[in-house]
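# Observations on the model geometry
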Amino acid sequence: MTGRFRRLDETDRALVRLTVDGSEITALEGDTLMVAMLNSGLALRNAEFGPERRAGFCLMGACQDCWVRDTDGNALRACSTPVENGLAITTQPLTADWSVAP
Amino acid sequence: MSTPELTADVAIIGGGLMGCSAAFFLAQRGLSVILLETDKVGRQASGTNFGNVRRQGRPITQLPLANRASRIWRQANELLGSDVEYLQNGHIRVCFRDRPENVGKMEEYAVQAREEGLDLELLSGNMLRERFPWLGTDVLAGSHSAMDGHANPRLAAPAFARAAMKLGARVIEDTKIVHAAKIGEDFVLEAEDGRRFRAPTLLVTAGAWAGKIVSQFGETVKLTPRAPTMSVTEPVPYSILPAVGVMTPDEVETVYFRQVARGNIVLGGSTRAPSYPDEYRSYVMPQNTMTQFQHLRRLAPALAKLQVIRVWSGIEGYTDDALPVMGPSGTVPGLFYAFGFSGSGFQIGPGVGETMAELIATGHTDIPIGQYSIGRFG
Amino acid sequence: MSERVVIIGAGPAGVRAAEAVVRAGIRPVVIDEGSRSGGQIYRRQPEGFKRSYETLYGSEADRARAVHETFDALLPQIDYRPETLVWNVAEGRVWAARAGETEAIPYDRLIVCSGATDRLAPVPGWQLAGCYSLGGSQVALKAQACSIGGAVVFMGTGPLLYYVASQYVKAGANVVAVLDTSPFAGRVRALPKLAEQPDLLWQGVTLTFGLIRAGVTVLSGITPVEISGDPQSGISGVTVRTASGDVRQFDCDAVAMGWHLRPETQIADLARASFAFDPRTRQWLPEIDGDGRSSAPGLYLAGDGAKILGARSAEVTGELAALAALGDMGHAVDKDRRCYLMAQRARYVRFAEGLAEAFPWPHQFVADTADSTIVCRCEGVTAGTLRASVSEAFATETNRAKAFSRVGMGRCQGRYCGNASAEIVSALRGEAVERAGRLRGQAPVKPIPVGTARTDA
Ligand SMILES: Cc1cc2nc3c(=O)[nH]c(=O)nc-3n(C[C@H](O)[C@H](O)[C@H](O)COP(=O)(O)OP(=O)(O)OC[C@H]3O[C@@H](n4cnc5c(N)ncnc54)[C@H](O)[C@@H]3O)c2cc1C
Ligand SMILES: Cc1cc2nc3c(=O)[nH]c(=O)nc-3n(C[C@H](O)[C@H](O)[C@H](O)COP(=O)(O)OP(=O)(O)OC[C@H]3O[C@@H](n4cnc5c(N)ncnc54)[C@H](O)[C@@H]3O)c2cc1C
Ligand code: FES
C-alpha cells in the first residue's frame, strides 16, 4: 500500500485511468482527484514557502491547499474535482516560463 | 481647564508616505517633528497602492522630482534600516495594437525624458515578446525603463515613520485633527478628543482628506475620492521581473501588473470606483475586476490560468488636472501642502518628503514645483 | 414590487429557506458551490455510491432523507445553480461564477446560508501532509468512503470530534486516539444547558463509551505538544501532555483536528452586514435579529453561516429567515409558525451555549503558541514573525499584523489562521481579544481565475 488514504467501502466502481507526473495511476469512478492521487501517493504538491509536501487539509473547498495543475496548466482544486479518464496531472511547480506553457 | 499641548518645530497632518517621509527628512535636518495620523501610518493610499516605482509616463516636468525619489528608493533599505522590498527590475509601458497613434507619442516622450536623465528603450512588439515572452500579440510596441521598479507599499510608509521616530520625531496615531488655525505665530491643532498640538510650521499631507483642512485656511481644492481596482494572484514561480503597464487614453484599458519575489502577481487598473473618505472605506466593484481581467488577458494571455486570491482598493484624492498640490499655502505663511497625488504618488513619495523638508528647512528647493501651486485652483 | 429572492447555500438552512419561499409563490435562485445539494452534514455521496442513509448519517438518517427529498421536490420550482461559486456581492447583485464564466444576479432579498468550516488552532507540525481538518476527515468518509490514513488520531474539541471518530470506527478505520483539549469537568458543569437536546446529549455519552469499548484511547484535558513527521513522507506521530502532566506519544499517519466550527461570513461581510464580538465563542459574528435580518437592507442570514447552532437549528433558522424576507416584501406570514420556530431556535441557542462551555476554545494554548510554530499554513508564517509585527512594527490589531507579517494573506483568506492570529496578537499586547479585531472579508470568497469572463455584459 503506497497511498495516504484508505478505501473503506464503495470499492465496486468502474476503473478510471489518469496520469500523475507521467506515471499512470488507476482510480474509481466518482473519486475526487484528491482521493485518486492520495490512494496511490502521499501528497499532492510541494509547499511554496516551506520544505514540506502538502496533501490538502479541509476537503471542502475552503483551505485551497490542494490545487494541482493539468499538463495544460489549468488549475484544479483536487478535493472538488471529479476524476476523468485520461486526466494528466503534474505535481511539479510550474516552470519559470509558466506563461508560455502550451 | 487647560489641556497640555505638544509643541514642535513642524507639525504634520497625515501619516501617509508623504507625511512619513517628510517627517524623516525633517528630523534628519535636525528639526523637531510631530506627525499626526487619524488611523495608523501608511494604511490608506500609501499602504494599499499597486507599488509601482515608475518614472516613465510621468509629466516631463515631474521627472526631476521623480529622479530624486528614485535615488532615495535605491538606498531605502540602508537609509531606513528595514526592507521595503524595492526591486529595480525595470518598467515596461506598452500600447495595444488598435492604438498605433501611441507609438509616436512614446517616441516623443522618450526624446524628452532623455534630456531629464531618464533613459528609455523603444521596442517593437516582437522585440518585446522575445525578451518578455509572456506579453500578448495585442501588444504593438513598448518602452522599457531599466532603472525603474517596484516596492512593497504595506512596508514603505511605516518604515519611514519608524526611521523618523529613531531620529526623535513623535509619530502620534489614532489622532484625527478636526480643527487647525494659526493663532499668533503658531499653528494650533486640535484633535477630535480635545488634545492640542502647536508648531510654527504646518505641513498638510492629508491625502484625499486634505480639502477639509485646507478650507480652514480659506483655500479651496476640489479632490475627487476614487478607488483604484487591485487584485493579487496565487504565488507562482518568480519569472516576471519588470512591472508592466498599458499606455492608453481609455481608463478601462489602463491595466498593469508586477510580480513580487515570493511569486504573487499584483494586478491593477481599469475603471476606478468611488471611495468614501469620511467613512474610511473603499470598495472594489466586481464589474471593474472583470474589465481588469479582460484587458490583462490582452496584455499577458497566460495570466488567464492563474487564480486571483484577493482584491482590494484604497482611498485616493484626484485633482481636476491630475497634478498634485505641493508647495507653500497661498494665504498663510508657515503653511505647506503636499496632497492630491491623483493615483501616482507612490514612486515620487520619498522625493516629495525630501523636497518638502528642504523647502521648510531652507525656504528653497531646486526641484520645479511651481506648477503644483494651490493658487492654480484659485 | 419586484420579488427577486436569491438563496446562497443548499444545506439544511438553504433548503428550508427555499421551501418557504416557493410556498409563497416565488421562484428563488438557489446557488451552491457543491455539485449536489445537502450542505455539510447532509452531504450526499456521488452518484453511483451505494451506502444507505443509515450508514451515512446514522441517527440523523431521517432528517437527511427529509432534507434531500424536500430539495429534490423543489427543483421544478426553483432556479438551481449547482457548482456555482458566489465570489462577490455588491450593489444588490450576487456575482456567481461557474466554469470560468460569471454573471451578476440581481436580488431584492438575499438569504445567505453559507454554513461553517472547522476552527483550527496551530499545533507544531500541522503543516505536514496527513494533518486534516476534522470536518475534512468526515468528508473523506462520507463523500468518498475513505479514511484519511492507516492510523488516525483525532485531536481538538467539540461533539464533532467524538462523532467523526465513532463514524471512523464504525466504518472500519483504525482510530488510535481521541484527544480532547477540554477538561471533563466542564462538560459536567454544562449539563443543564446540554439537557435542552436530551437525545444529542445521550448520543454524546454513548459515542464516548463506544469509542473506549472499541479500544480507542480517549483523553480529556490534554495539551497538544507536537505533530511529528517528515517533510517528504508526512506525519508519523502526535505528542500531547495529559491532564495529569504526563507526556504521551501516539504513532499515526494521519491527524484530524478541529476545535468546533467558525461561520463562513465572507458573503455577509461583502454585503456590508455589521459584526459584533461574541464573548462566548470568542468570535466575531454578523449581527442579526431573532428572525435572521442583518443590518444590511435585504440581507438575511441563517444556519451555521450566521451562528454555530447545528444542523437541526439550521432548518429552523433557514425557514425563519425566509419568513422574515417574505414578511418584509409584504407577504402574510403565519404568526404561529414563526412563534414556534422562534421557540425552537431559543432552545438550540441554549444548547449551543452549553456546548461552548463544555468544549471551550483553548485560547490560552493558542496565545502561548511557540515562536517557531507555523500559524499561517498558506504563507508558511510562524508565530514569531506574527509577534514581530506587533513588537517591532507596532501592529495593534490583526489586519495590521496581516499587512506586515502576511498571516491571513494567503489563499484561504484567514479561514484557518484568523482566530489564532487574534489570540496571539491580543495576548502579546495584553489586551482583550476583541481589541485585536477580525480579518475583514475580501473578495473573491474563494479564488477565481484571471480567465473568468462576464457572460451578462
Ligand atoms: C489602490 C491604489 C493604487 C495606487 N497605485 C499607485 C501606483 O502604482 N503608483 C503610484 O505612484 N501611486 C499609486 N497610487 C497613489 C498613491 O498611493 C498615492 O498618491 C500616495 O500614496 C498618496 O500618499 P499620501 O501620503 O498623500 O496619502 P495617504 O497615504 O492617503 O495618507 C494620508 C493620510 O492622512 C491621514 N489624515 C487625513 N486627514 C487627517 C486628519 N484630519 N488628521 C490626521 N490625519 C489625517 C489619513 O488617515 C491618511 O493616512 C495608488 C493609490 C491607490 C489607493
Ligand atoms: C465538515 C463538517 C461536518 C459537519 N458535521 C456535522 C455533524 O455531523 N453534525 C452536526 O450537527 N453538525 C455538523 N456540522 C455542522 C454543520 O455545518 C451544520 O450542522 C449544518 O450543515 C449547517 O447547515 P447550513 O445549511 O447552515 O450549512 P451547510 O450545510 O454547511 O451548507 C452550506 C452550503 O452553502 C454552500 N456555500 C457556502 N458558501 C458558498 C459560496 N460562496 N458560493 C456558493 N455556495 C456556497 C456550501 O457549498 C454548502 O453546500 C458539520 C460541519 C462541517 C463543516
Ligand atoms: S483540501 Fe481544502 S480546498 Fe481542497
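Residues numbered from 1 in each chain as written. Chains lettered and ligands numbered in written order. Predicted model: local features only at pLDDT ≥ 70, side-chain atom pairs only at ≥ 80, totals over all residues. Heavy atoms only, no water.

### Section: the domain arrangement of chain B
All names here are of chain B. Entries for chain B in the domain assignment read domain 1 (5-48 + 154-222 + 320-377) and domain 2 (91-146 + 229-313). Computed over C-alpha atoms, the centres of domain 1 and domain 2 are 31 Å apart. Listed by partner, the interface residues are six residues for domain 1 and six residues for domain 2. When domain 1 packs against domain 2, close to 570 Å² is buried across both sides, 51% of that on carbon and sulfur atoms. The interface formed by domain 1 and domain 2 contains one salt bridge. The shortest N-O distance in the salt bridge between Asp278 and Lys212 comes to 3.0 Å. Where domain 1 packs against domain 2, one counts three residue pairs in polar contact (both at pLDDT 80 or more). When the residues that make up the side of domain 1 that touches domain 2 are grouped by side-chain class, the tally is one nonpolar, three polar and two charged. (Domains from an automatic or database assignment. Contact = heavy atoms within 4.5 Å. Buried area = accessible area lost by both parts, 1.4 Å probe. Salt bridge = Lys/Arg side-chain N within 4 Å of Asp/Glu carboxyl O. Polar contact = N/O pair within 3.5 Å; in protein donor to acceptor, adjacent residues only side chain to side chain. Nonpolar A, V, L, I, M, F, W, Y, C, P; charged D, E, K, R; others polar.)

### Points about the interface of chain C and chain A
With 51 residues of chain C in contact, the opposing surface of chain A contributes 38 residues. With both chains or domains summed, chain C and chain A bury close to 3,500 Å², and 54% of this area falls on carbon and sulfur atoms. A salt bridge links Glu33 of chain C to Arg77 of chain A; the nearest nitrogen and oxygen atoms lie 2.6 Å apart. Connecting chain C to chain A are 16 residue pairs in polar contact (both at pLDDT 80 or more). For the side of chain C that touches chain A, the elements supplying multiple residues, two or more each, are strand S8 (116-118), strand S9 (131-133), helix H4 (134-144) and strand S10 (146-147) of chain C. Among the elements that line the side of chain C that touches chain A, the one with the most residues is H4 of chain C, at six residues. (Helix = DSSP H or I, 4+ residues; strand = E, 2+ residues; numbered from the N terminus.)

### What to know about the sheet that holds strand S7 (residues 109-112) of chain C
Residue and element names in this part refer to chain C. The strand order across the open sheet built from five strands is S3-S2-S1-S7-S21, with neighbouring strands paired in parallel fashion. Strands with a single pairing partner mark the edges of an open sheet, and in this sheet they are strand S3 (79-81) and strand S21 (299-301). On average, each strand axis in the sheet is inclined to that of its neighbour by 15 degrees, with strand direction left out of account. This element, helix H1 (residues 12-23), spans strand S1 (5-8), strand S2 (29-31) and S7 of the sheet and lies at about 165 degrees to S1. (Pairing = 2+ DSSP bridges. Axes fitted to C-alpha atoms, helices over the stretch in contact; angles between N-to-C directions.)

### Observations regarding the packing of aromatic side chains
Residues and elements named next belong to chain B. According to the stated counting rule, one finds 22 aromatic pairs over all chains in the structure shown. Aromatic side chains Trp134 and Phe257 sit 5.8 Å apart centroid to centroid with 70 degrees between the ring planes, which places their arrangement in the edge-to-face category. Pair noted here: Trp134 is in the loop between helix H6 (125-131) and strand S7 (139-145) and Phe257 is in strand S17 (residues 255-259), with a separation of 123 residues, a long-range link. You can call Trp134 buried: its relative accessible area is 6%. (Phe/Tyr/Trp six-rings, centres within 6.5 Å; stacked < 30°, edge-to-face > 60°. Buried < 20%, exposed > 50% of the residue type's maximum accessible area, 1.4 Å probe, protein only.)

### Side note on a nonpolar patch on the surface
All names here are of chain C. The grouping of Trp202, Val205, Phe209 and Ile212 at the surface amounts to a nonpolar patch, some 440 Å² of accessible area in total. Tracing the backbone shows Trp202 in helix H8 (residues 198-213). The exposed category is assigned to Trp202, whose relative accessible area is 58%. (Patch = residues over 30% accessible without salt bridge, like charges linked within 9 Å, V, L, I, M, F, W, Y side chains within 5 Å. Areas by Shrake-Rupley, 256 points an atom, 1.4 Å probe, with all protein chains shown as cover.)

### Considering the UniProt feature "domain: FAD dependent oxidoreductase" (unreviewed entry) in chain B
On the UniProt side, "domain: FAD dependent oxidoreductase" (unreviewed entry) is annotated at positions that read residues 9-359 of chain B here. Span residues 9-359 of chain B is 28% helix and 29% strand, its end C-alpha atoms 14 Å apart. (UniProt positions renumbered as here; feature names shortened; annotations may be inferred.)

### Some remarks on the UniProt feature "domain: FAD/NAD(P)-binding" (unreviewed entry) in chain C
According to UniProt, the "domain: FAD/NAD(P)-binding" (unreviewed entry) feature falls on residues 4-306 of chain C. Along residues 4-306 of chain C, the helical share is 28% and the strand share 32%, with 22 Å between the first and last C-alpha atoms.

### Here we look at the site of ligand 1
Residues and elements named next belong to chain B. Contacts to ligand 1 come from 38 residues, most closely from Glu37, Ser46, Tyr280, Glu316 and Phe346. Between Ala45 and ligand 1, the recorded distance is 3.2 Å, taken from a backbone N or O atom to an oxygen atom. Here an oxygen atom of ligand 1 and a side-chain polar atom of Glu316 are 2.6 Å apart. Protein coverage of the free-state accessible area of ligand 1, which is 1,000 Å², stands at 98%. (Near = heavy atom within 4 Å.)

### A look at the confidence of the model for chain C
Parts of the model with low pLDDT should not have their predicted coordinates read in detail. The predicted model of chain C has a mean per-residue pLDDT of 96, with 100% of residues at 70 or higher. At the level of chain-chain contacts, confidence expressed as ipTM amounts to 0.95, with global pTM at 0.96. (pLDDT = per-residue confidence, 0-100.)

### Points about the pattern of salt bridges
Going through the model one piece at a time under the given rule, you end up with 73 salt bridges over all chains. Note that Glu47 of chain C is salt-bridged to Arg36 of chain C, the shortest N-O span being 3.9 Å. Of the two residues, Glu47 of chain C is situated in the loop between S2 and helix H2 (53-57) and Arg36 of chain C in the loop between S2 and H2; the sequence distance between them amounts to eleven residues. By relative accessible area, Arg36 of chain C is classed as partly exposed at 29%. Residues joined in a network through salt bridges with shared partners are Arg45, Glu48, Glu52, Arg54, Asp65 and Arg69 of chain A, Glu234 of chain B together with Arg377 and Arg411 of chain C.

### Remarks on the side chain of Arg119 of chain C
Residue and element names in this part refer to chain C. Along the chain, Arg119 turns up in the loop between S8 and S9. Within the structure, Arg119 has its side chain in polar contact with the backbone oxygen of Thr281 (distance 2.7 Å). Not counting the four nearest positions on each side in its chain, Arg119 is found in contact with Gly258, Trp259, His260, Leu261, Arg262, Thr281, Arg282, Gln283, Trp361 and Asn419.

### What about the site of ligand 2?
Neighbouring residues of ligand 2: 31 residues in total, closest Asp32, Gln40, Gln138, Asp304 and Ala311 of chain C. Bordering ligand 2 are residues originating from chains A and C. Here a nitrogen atom of ligand 2 sits 3.0 Å away from a polar atom, N or O, in the main chain of Glu33 of chain C. At 3.1 Å from a nitrogen atom of ligand 2 is found a side-chain nitrogen or oxygen belonging to Gln138 of chain C.

### Observations regarding the sheet that holds strand S14 (residues 223-230) of chain C
Residue and element names in this part refer to chain C. Strand order in the open sheet formed by three strands is S14-S15-S16, with antiparallel pairing between adjacent strands. Every other strand in the sheet has two partners, leaving S14 and strand S16 (247-251) as the edge strands with one partner each. In this sheet, adjacent strand axes meet at a mean angle of 20 degrees when their direction is disregarded. Here S14 runs beside strand S15 (residues 234-241); their pairing, made up of seven bridges, is antiparallel.

### Concerning the pairing of strand S14 (residues 224-227) of chain B
Residue and element names in this part refer to chain B. The pairing of S14 with strand S22 (residues 316-318) spans three bridges and is classified as antiparallel. Bridge pairing links Thr224 to Tyr318 in S22. In this sheet, strand S19 (residues 273-276) lies alongside S14 in antiparallel orientation, the contact comprising two bridges. Each bridged residue has a counterpart across the sheet, and for Ala227 the counterpart in S19 is Ala273.

### Structural notes on the pairing of strand S11 (residues 152-157) of chain C
Residue and element names in this part refer to chain C. Across the six residues that make up S11, a large majority, six, are buried. Side chains Val152, Phe154 and Gly156 project from S11 onto one buried face, and the interleaved Val153, Met155 and Thr157 project onto a second face that is buried too. Where S11 and strand S12 (residues 175-180) come together, five bridges link them in parallel fashion. Opposite Val153, over in S12, you have Ala177 as the bridge partner.

### Comments concerning the packing of H4 of chain C against helix H5 (residues 159-170) of chain C
Residue and element names in this part refer to chain C. The contact between H4 and H5 brings their axes to 10 Å, and the two run at 30 degrees. What the angle tells us is that H4 and H5 run roughly parallel. The interaxial crossing formed by H4 with H5 has left-handed handedness. Here Leu134, Ser137, Gln138, Ala140 and Leu141 of H4 lie close against H5, whose contacting residues are Leu160, Leu161, Tyr163, Val164, Gln167 and Tyr168. (Parallel < 35°, antiparallel > 145°, perpendicular 65-115°, else oblique. Left-handed = near helix turned anticlockwise from the far one by under 90°.)

### Side note on the UniProt feature "domain: BFD-like [2Fe-2S]-binding" (unreviewed entry) in chain C
As annotated by UniProt and renumbered to match this structure, "domain: BFD-like [2Fe-2S]-binding" (unreviewed entry) occupies residues 374-425 of chain C. Regarding residues 374-425 of chain C, the helix share stands at 48% and the strand share at 10%, and the terminal C-alpha atoms are separated by 15 Å.

### Some points on the interface of chain B and chain C
With 34 residues of chain B at the interface, the matching set in chain C holds 35 residues. Taken together, both faces of the contact between chain B and chain C bury some 3,000 Å²; the carbon and sulfur share is 55%. At the junction of chain B and chain C, the tally comes to four salt bridges. Note that Glu234 of chain B and Arg411 of chain C form a salt bridge whose closest N and O atoms lie 3.4 Å from each other. Between chain B and chain C we count 16 residue pairs in polar contact (both at pLDDT 80 or more) in total.

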